[in-house]
Structures are given as structure tokens and as C-alpha cells.
Amino acid sequence: IAGITQAPTSQILAAGRRMTLRCTQDMRHNAMYWYRQDLGLGLRLIHYSNTAGTTGKGEVPDGYSVSRANTDDFPLTLASAVPSQTSVYFCASSRTVTGELFFGEGSRLTVL
Amino acid sequence: GQQLNQSPQSMFIQEGEDVSMNCTSSSIFNTWLWYKQDPGEGPVLLIALYKAGELTSNGRLTAQFGITRKDSFLNISASIPSDVGIYFCAGQLRKDTDKLIFGTGTRLQVFP
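About the cut-offs
- Residues numbered from 1 in each chain as written.
- Chains lettered and ligands numbered in written order.
- Predicted model: local features only at pLDDT ≥ 70, side-chain atom pairs only at ≥ 80, totals over all residues.
- Heavy atoms only, no water.
- 1 Å grid on protein atoms, 1.4 Å probe; cavity = no way out; pocket = protein on both sides within 12 Å on 5 of 7 lines; lining within 4 Å.
- Points joined across faces, edges and corners; volume = space filled by probe spheres on them.
- Nonpolar A, V, L, I, M, F, W, Y, C, P; charged D, E, K, R; others polar.
- Buried < 20%, exposed > 50% of the residue type's maximum accessible area, 1.4 Å probe, protein only.
- Helix = DSSP H or I, 4+ residues; strand = E, 2+ residues; numbered from the N terminus.
- Pairing = 2+ DSSP bridges.
- Phe/Tyr/Trp six-rings, centres within 6.5 Å; stacked < 30°, edge-to-face > 60°.
- Lys NZ or Arg CZ within 6 Å of the ring centre and 35° of its normal.
- Axes fitted to C-alpha atoms, helices over the stretch in contact; angles between N-to-C directions.

The next thing to look at is empty space enclosed by the protein. All chains considered together, the criterion is met by 1 cavity of 30 Å³ or more. In this structure, the largest cavity spans a volume of roughly 40 Å³. Considering the residues around the largest cavity, the lining is formed by Y33, Y35, V97, T98, G99 and L101 of chain A together with Q92, D98, K99 and L100 of chain B. Across the lining of the largest cavity, the residue classes tally to 5 nonpolar, 3 polar and 2 charged.

Residue and element names in this part refer to chain A. Because side chains alternate across strand 11 (residues 107-111), one face comprises the buried residues S107, L109 and V111, and the other comprises R108 and T110, none of which is buried. For strand 2 (residues 10-13) and strand 11, the ladder comprises 4 bridges, and the chain directions are parallel. Opposite Q11, over in strand 11, you have L109 as the bridge partner. Where strand 9 (residues 87-94) meets strand 11, 3 bridges bridge the pair, whose relative direction is antiparallel. When the bridges of strand 11 are listed, S87 appears paired with L109.

Turning to the packing of aromatic side chains, a few remarks are in order. Using the criterion set out here, one finds 11 aromatic pairs over all chains in the structure. On the basis of an interplanar angle of 85° and a centroid distance of 5.3 Å, the ring pair of Y35 of chain A and F102 of chain B is categorised as edge-to-face. Note that Y35 of chain A is positioned in strand 4 (residues 31-38) and F102 of chain B in strand 10 (residues 101-102), a pairing that runs across two chains. Judged by its relative accessible area of 1%, Y35 of chain A falls in the buried class. A ring pair is formed by F88 of chain B and F102 of chain B, whose centres lie 6.4 Å apart and whose planes are at 85°; its orientation type is edge-to-face. One end of the pair, F88 of chain B, is in strand 9 (residues 85-92); the other, F102 of chain B, is in strand 10, with 14 residues separating them in the sequence. In terms of burial, F88 of chain B and F102 of chain B fall into one category: buried. A connected cluster of aromatic rings, assembled from ring pairs, spans Y33, Y35, F90 and F103 of chain A together with Y35, F88 and F102 of chain B. A cation sits over an aromatic face here: K99 of chain B above Y48 of chain A, 4.1 Å from the ring centre.

Moving on, we come to the sheet that holds strand 3 (residues 19-25) of chain A. Residue and element names in this part refer to chain A. Ordered in space as 1-3-8-7, the 4 strands form an open sheet in which the pairing is antiparallel. Where the open sheet ends on each side, the last strands, each with one partner, are strand 1 (4-7) and strand 7 (64-66). Taken over all neighbouring pairs, the strand axes of this sheet differ in orientation by 15° on average, direction set aside. Pairing analysis gives 3 bridges linking strand 3 to strand 8 (residues 76-78), with the strands arranged antiparallel.

Taken by themselves, the reported measurements are silent on function.
Dropping the structure here:
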């Protein structure tokens, strides 16, 4: 059982480049989320999707975009990466809009 | 935005000791959850609490939903080396509606 798969596991990126972090779940969960984790700041919500075809902004959405074309996939795009977007990014899903989230293993992104 | 104050920030304990950590807020929450993150992995749900005063156990872990609904506590009894990791509290202001707000985490180190 894969659960949530994120790719890439890690990436070093030059500032100004475009980057898409991929997230796929096989649990048929309705809701999906993207969080970033920074030392001392915990997990902060970037964007979310309550169901396929809908998305919403979280606490720190600036510089990021998402799409939810189907139930399984929820990619996160950085249109023009900046060093402050250096972080570990976690994708998560939940069956409904509850607090019981299932997380992927994370994507470590370094922007130079 | 909303903040959850989680303490302590870190703990260094000896194997066999009991551990207590807590999470407080100035806002009333309707759901409290506790997650654990092992090194290099995504957070995993430990315990979910849905009613004020609720006390729930999961093996050696016990969590409580504070009676004021503004706090929650997690206790680990007889710690073992595999308890090492970061523990996050998370709260949901309105069940099934609002997104989770995460605390900043408690880093636990267990020495043999």
C-alpha cells in the first residue's frame, strides 16, 4: 500500500527557475493539502483542495500554485523560486475535511 | 494567524522515564490531534480527540482534550528509544470545516 507518494525526494534549484512538486495518493481521499516545514515554525499550510476540481489558499500561499484535475494528483508549482522557499514540503490527504491527515515522506527543496 | 503554543520545545530524557508535553491556545478548538514525525519521514497521527475532557490512550501514549478546549496534553509512559522524534499538536477550530493549525513541535531525545 503506497499511500501518498511525493517526488522528487530532494532537489536543488537555482533562484528564478520553475519547479513542480508532485503528489499522488491511492487512498481515494477527497481532501489534499500541501504544507511546508521550517525549523521552529512547525507545519504551515500552503494550499488545499477539499475535492477534485476545487482548491483554496492556506496560511502561506504566495509564490505557489496548485491544481486538482483528479482525485489522486495534487501538484504544487513554484513559478519562480526564491531562496525563502527553501524548505521541506509535505503533501497530505484526508478522507473528508477532518483533521486526520495522512502525510507523504516529504520533498526537500533548496533554492540557491 | 492562529497560533498554538507547544512546550517544551525539546526534551532529553533517559529510557524508562515518563514524558509530558502540552499545547495551548487563546482560541477554543473543537478537535485536537497529536502527530509524531520520525527523522526523515512525514508526520503520523497518534491520537485524535473530539470532546472536551476526553482522555484517550494509544499504547503507552495518553492524550487529553482540555476542559477549557484551549489546550491539550500528551503523556508518554516508560519511554523507549523508538519514541525519538518530533511531536506535533494540531487543532481544528471548527470540526470538518477549518484546516488544521499545527504547533511548532516538541523534539524528544531518549538516551539508553
